[in-house]
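Listed below, chain by chain, are the residues.
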Amino acid sequence: MKVTAFHLAGKVEEAARSYFSNSFVFSSRTIDVERTFDFRKGSAALQFFLHDGDERVPMGGMEFVTIQDRDNKIALQCRTSVLPAERSQQLFMILPSDVEQYSQYTRLAGILGKEWEKDVDAYLPKNNTTPLPAVPETPPTVDDEYASLTPEEIEAITGVKPSAPAPAPKNAPQASAGASGDDDVQRLVDMMSAGAAKEESPSEAPMSLEEIEALARQGQEPEAPAKKDEGPLEMNVEDIWKQINGGK
């Protein structure tokens with residue numbers, strides 16, 4: 001392949017791209033290269049542009065002009081121009097026109113690299129294009145997750161089929177925090193309802209919540225009734241069930 005200004009520009013571009021890929025400053029950046037040429041005048045030029053968000057920042061480049069080409073040798077004038085520092089220099093080269101000169105291509109790209117490294121701050125990102133992290137929503141609690149399950153899903157996960165809540169009596173007062181809490185009282189009502197067929201006649205009415213709470217207080221303090229200002233009595237469902245059934 002015959003070495004010309006156009007050929008030299010292409011090889012220097014390849015060497016410059018290798019420099020960018022191995023540079024700590026430029027390896028993660030997007031860089032465009034524009035190559036222009038005029039075959040009749042024997043000239044070619046490279047211009048480098050750095051992407052910073054939506055902005056395209058000129059970095060300068062290098063121009064090659066053929067002075068003479070004969071006897072398998074080519075004489076070239078090379079001009080460098082680095083932006084935004086606006087520094088420039090020129091040099092002359094005489095190369096064989098029929099032999100590749102890879103060391104010369106790397107040397108020319110290195111001249112530009114050293115100039116860019118003198119003003120590294122000029123090429124650091126200035127436009128923040130990284131989207132702000134989304135504010136995480138408050139994660140659901142265990143209770144929220146449990147409340148979102150269907151009875152079938154609850155049974156599949158826990159192995160226990162949840163019982164349907166007992167209908168509240170009409171005009172019944174709101175139950176206060178008793179010996180075992182609302183959840184334990186409901187469990188006790190379910191347990192009593194399950195045993196009603198064996199130990200009670202169909203005509204007998206189920207115990208009310210007030211009667212169950214009274215039994216719970218009696219089981220905790222058999223000698224004296226609980227005072228109004230005392231805190232909730234610590235008594236679980238099993239204790240209440242044994243109290244109702246005579247310890248069974």
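Residues numbered from 1 in each chain as written. Predicted model: local features only at pLDDT ≥ 70, side-chain atom pairs only at ≥ 80, totals over all residues. Heavy atoms only, no water.

**Some words on the overall build of the protein chain**
Going by this rule: Counting from the N terminus, the helices are DSSP H or I runs at least four residues long and the strands are E runs at least two residues long. For every residue, the accessible area (1.4 Å probe, protein chains only) is compared with the maximum for its type, and the residue is labelled buried under 20%, exposed over 50%, or partly exposed between those bounds. Only heavy atoms enter the contact rule, under which two residues are in contact if any of them lie within 4.5 Å.
What the protein chain contains, in helices and strands, is seven helices and five strands. Going from N to C terminus, the protein chain has its helices and strands arranged as α-β-β-β-β-β-α-α-α-α-α-α. Residue burial in the protein chain is summarised as follows: out of 248 residues, 29% are buried. A sequence separation of at least 24 residues applies to 46% of the contacts in the protein chain between residues at least 6 apart.

**Some details on the sheet that holds strand β4 (residues 73-82)**
As a reminder, the rule being used: Between any two strands, pairing holds if DSSP finds at least two bridges. All axes are obtained by fitting lines to C-alpha atoms, using only the stretch in contact for helices, and the reported angles, taken between N-to-C directions, cover 0 to 180 degrees.
One open sheet holds the five strands; their spatial order is β1-β2-β3-β4-β5, and the pairing between them is antiparallel. Either end of the sheet is taken by a strand with one partner, and the two such strands are β1 (31-38) and β5 (87-96). Here the strands of the sheet are splayed against their neighbours by 15° on average, with no regard to which way each runs. Where strand β2 (residues 43-52) lies against strand β3 (residues 55-70), ten bridges are found, and the strand directions are antiparallel. When the bridges of β3 are listed, S43 appears paired with V65.

**Brief notes about the environment of S23**
Convention followed: Counted as a polar contact is a pair of N or O atoms within 3.5 Å, where, for protein atoms, one must be capable of donating a hydrogen and the other of accepting one, and residues adjacent in sequence contribute only when both atoms are in side chains.
By the element assignment, S23 lies in the loop between α1 (5-21) and β1. Considering only alpha carbons, one finds S23 and E117, 94 residues apart in sequence, at a separation of 9.8 Å. Here F26 takes part through its backbone nitrogen, which lies 3.3 Å from a polar atom of the side chain of S23.

**Remarks on the pattern of salt bridges**
The condition that has to hold: Whenever Lys or Arg places a side-chain nitrogen within 4 Å of a carboxyl oxygen from Asp or Glu, that contact is recorded as a salt bridge.
By the definition in use, this model includes ten salt bridges. With a closest N to O distance of 3.4 Å, D32 and R56 form a salt bridge. Here the residue D32 occupies a position in strand β1, and R56 occupies one in strand β3, the gap between them amounting to 24 residues. The partly exposed category is assigned to D32, whose relative accessible area is 26%. You can call R56 partly exposed: its relative accessible area is 34%.

**A word on the pairing of β1**
Strand direction decides the pairing type here: β1 and β2, joined by eight bridges, are antiparallel. When the bridges of β2 are listed, F37 appears paired with A44. Once β1 ends, the chain turns through four residues before running back antiparallel as β2, passing G42 with a positive phi of about 65°.

**Quick word on the packing of aromatic side chains**
Heads up, the rule is: Note on aromatic pairs: the rings of Phe, Tyr and Trp (six-membered ring only in Trp) are paired at centre separations within 6.5 Å, and the planes decide the class, stacked below 30 degrees, edge-to-face beyond 60, tilted for the rest. By definition, being over a ring means that NZ of Lys or CZ of Arg is both within 6 Å of the ring centre and within 35 degrees of the ring normal.
If you walk through the whole model with that rule in mind, you get 13 aromatic pairs. Their ring planes at 75° and their centres at 5.5 Å tell us that F20 and F26 sit as a pair that is edge-to-face. Here the aromatic cluster, defined as three or more aromatic residues joined through ring pairs, consists of Y19, F20, F26, F48, W116 and Y123. One Lys or Arg, R35, reaches over the ring of F6 and ends 5.3 Å from the middle of that ring. Taking the ring centre of F49 as reference, the NZ or CZ of R56 above it sits at 4.1 Å.

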